[in-house]
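Report on the structure
The residues making up each chain are set out below.
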Amino acid sequence: MIAELLNSGALNITYAIVLGISFLFAVLSLLGAELGDILDFDVDVEGDGIDFINISPFALAMFGSIFGLTGLVTRTVMGMGAVSSLLWATLLGVIVGVGAQAFFITVLAPSL
């Protein structure tokens, strides 16, 4: 499996790297949130007149994970070309990322 992945091109390696980094980001975000709760550590950062869109780390991790996983599946299992693989990976990543953000805003954020 790993030999096939390494021999299949730069796009597959990119998908694997995005998947791995997103998975680590999700785990570290979860551990960081729990550690922050245990130590009662909170950092508030405010900008002067600049509004940033508050995207949850959970939504970012879900987008990256689904993007990487879908890209790997479409390239290695389904044999799609680079363009169609990128389109499917981006589409499913955005759908799941938006869904994760909506879940965060409607379910998790009000309970915090």
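Residues numbered from 1 in each chain as written. Predicted model: local features only at pLDDT ≥ 70, side-chain atom pairs only at ≥ 80, totals over all residues. Heavy atoms only, no water.

Tallying each qualifying case throughout the model produces 3 aromatic pairs. Measuring from centroid to centroid gives 5.4 Å for Tyr 15 and Phe 67, while their planes differ by 65°, and the two rings are edge-to-face. Within this pair, whereas Tyr 15 is found in helix H2 (residues 10-39), its partner Phe 67 is found in helix H3 (residues 57-77), the two being separated by 52 residues in sequence. On the basis of relative accessibility, which here comes to 0%, the residue Tyr 15 falls in the buried class. Ring plane angle 50° and centroid distance 6.4 Å describe the contact between Phe 58 and Phe 103, whose orientation is recorded as tilted. Residue Phe 58 is found in helix H3, and its partner Phe 103 is found in helix H4 (residues 82-111); the two are separated by 45 residues along the sequence. Look at Phe 103 and you get partly exposed, because its relative accessible area is 38%. These aromatic residues form a ring-pair network of at least three members: Tyr 15, Phe 63 and Phe 67. (Phe/Tyr/Trp six-rings, centres within 6.5 Å; stacked < 30°, edge-to-face > 60°. Helix = DSSP H or I, 4+ residues; strand = E, 2+ residues; numbered from the N terminus. Buried < 20%, exposed > 50% of the residue type's maximum accessible area, 1.4 Å probe, protein only.)

In short, geometric facts, not functional conclusions.
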